[in-house]
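Residues per chain are reported as follows:
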Amino acid sequence: LRRLLSEVESHRQELATTRTQLKAELEDAEKLRARLAERETELAEEKRRVAKALKGQLDDFRRQTLERLRSEVETIRRELESGRRKGLASKATERLFETAPKLPVESAGPTVAVKVGGTVRHRVLGWRGVLEKLERGKAQVNVSGKLLLCKEKDLVGEAPGSQAPKKPRNRKPSSELYTREAPRELMLVGQRVEPALDRLDRFLDQALLSSSPEVRIIHGHGSGRLREAVRKHLRSHRAVGKHRPGDDSEGGDGATMVELRG
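The rules behind each value
Residues numbered from 1 in each chain as written. Predicted model: local features only at pLDDT ≥ 70, side-chain atom pairs only at ≥ 80, totals over all residues. Heavy atoms only, no water. Helix = DSSP H or I, 4+ residues; strand = E, 2+ residues; numbered from the N terminus. Expected span 1.5 Å × (residues − 1). Buried < 20%, exposed > 50% of the residue type's maximum accessible area, 1.4 Å probe, protein only. Core = buried A, V, L, I, M, F, W, Y, C linked by side-chain atoms within 4.5 Å. Contact = heavy atoms within 4.5 Å. Salt bridge = Lys/Arg side-chain N within 4 Å of Asp/Glu carboxyl O. Polar contact = N/O pair within 3.5 Å; in protein donor to acceptor, adjacent residues only side chain to side chain. pLDDT = per-residue confidence, 0-100. Pairing = 2+ DSSP bridges.

**Quick look at helix 3 (residues 193-209)**
Moving on, step 1. For helix 3, built from 17 residues, the straight-helix expectation of 24 Å at 1.5 Å per residue is met to within 8% by its first-to-last C-alpha distance of 24 Å.
Moving on, step 2. Where helix 3 is concerned, the buried positions are Val193, Ala196, Leu197, Leu200, Asp201, Arg202, Phe203, Leu204, Asp205, Gln206, Ala207 and Leu208.

**Here we look at the nonpolar core**
Moving on, step 1. Counting 18 residues, the largest nonpolar core has Leu200, Leu204, Ile217, Val230 and Val258 as its most contacted members.
Moving on, step 2. Elements with a minimum of two residues in this core: helix 3, strand 8 (214-218), helix 4 (225-235) and strand 10 (255-260).
Moving on, step 3. By residue number, the principal contributor to this core is helix 3, which donates seven residues.
Moving on, step 4. In this structure isoleucine 217 touches Leu186, Leu188, Leu200, Phe203, Val230, Gly254, Ala255, Thr256 and Val258, once residues within four positions along its chain are discounted.
Moving on, step 5. Core analysis: the next-biggest nonpolar cluster, separate from the first, contains eight residues, Val120, Leu131, Val141 and Cys150 among them.

**Some thoughts on the pattern of salt bridges**
Moving on, step 1. Overall, the coordinates contain 20 salt bridges when judged by the stated rule.
Moving on, step 2. Here glutamate 42 makes a salt bridge to arginine 39, at a shortest N to O gap of 3.2 Å. In this pair, glutamate 42 and arginine 39 both sit in helix 1 (residues 2-81), three residues apart, roughly one turn of the helix.
Moving on, step 3. Since its relative accessible area comes to 46%, arginine 39 is described here as partly exposed.
Moving on, step 4. Beyond isolated ion pairs, a larger network of salt bridges with shared partners links Arg227, Glu228, Arg231 and Asp253.

**Thoughts on unusual backbone geometry**
Moving on, step 1. Despite not being glycine, arginine 136 shows a phi value in the positive range, around 50°.
Moving on, step 2. One can find arginine 136 in the loop between strand 3 (128-135) and strand 4 (138-143).
Moving on, step 3. By relative accessible area, arginine 136 is classed as exposed at 76%.

**Examining the side chain of asparagine 142**
Moving on, step 1. Looking at where asparagine 142 falls in the secondary structure, it is placed in strand 4.
Moving on, step 2. Judged by relative accessible area, asparagine 142 falls into the buried class, the value being 1%.
Moving on, step 3. Engagement of the side chain of asparagine 142 in a polar contact is seen with the side chain of glutamate 132, the distance being 2.9 Å.

**Quick look at the confidence of the model for the protein chain**
Moving on, step 1. With 79% of its residues at a pLDDT of 70 or more, the protein chain shows a mean pLDDT of 78.
Moving on, step 2. Counted against residues more than four places away or in other chains, residues 164-180, with its pLDDT under 50, gives 39 contacts.

**Description of the side chain of threonine 256**
Moving on, step 1. Following the sequence through the fold, threonine 256 ends up in strand 10.
Moving on, step 2. Not counting chain neighbours up to four residues away, the residues in contact with threonine 256 comprise Val215, Arg216, Ile217, His219, Arg231, Leu234, His243, Arg244 and Gly246.

**Considerations on the pairing of strand 5 (residues 146-151)**
Side-chain direction in a regular strand flips from residue to residue, so the side chains alternate between the two faces of the sheet.
Moving on, step 1. In the sheet, strand 4 pairs with strand 5 via six bridges, with the strands oriented antiparallel. Note on strand 5: the bridge partner recorded for lysine 138 is lysine 151.
Moving on, step 2. Taking the residues between adjacent antiparallel strands as the criterion, strand 4 and strand 5 are bridged by two residues, where serine 144 takes a positive phi near 55°.

Written out as structure tokens, the structure reads:
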């Protein structure tokens, strides 16, 4: 009986200790809940404050961008009136982005000298490609089949093995993009869709670099498959501002007139 009473007392003391510990843990949990609720309120207030600040910055950015665009449009208009056309798009882009913040881009590998045929990376924008031409500080880079122009000083050479877009096969020499006067129309009548779209891409890139305001794509009537493929492709092309079927003097529905963004 004494042994049983001793064991009961021992269990009673253990239960009392456990109850005390549980009570302390409940008190701690209640304090933590109160702190979390307070922190949640602070975060909500911080979110409102940041959203208000960002809205103000966005409004300022919109206003400044509109002012700069109006000024740039006026500059381009004056240059067009004076007879200057070549390179207007690239120069306007440089002026618009010259005050943009420079974001550091971490290198994915050791840098090497910039050379034609090597892999390069844009210091600020981060895209990678193959350097196809380098002339008087101007570089032409093949990025996933698209030819981009930039300044040589904005490029960083990368060691062989760096991840860079592969050059597409059977591509015409890039020197065609440096011709002073690009053709104003492209004849695609009788061609299959895929080769025709590949020619269309090269033609639009060349026209954009030469600052052609409008070009004509002649695809013919036929079954309408090539015409629909061309117009669908034009809707998503970065160089195209808008397009329309040709009028009677331009070839009617067998041609498409394209207004370029540059």
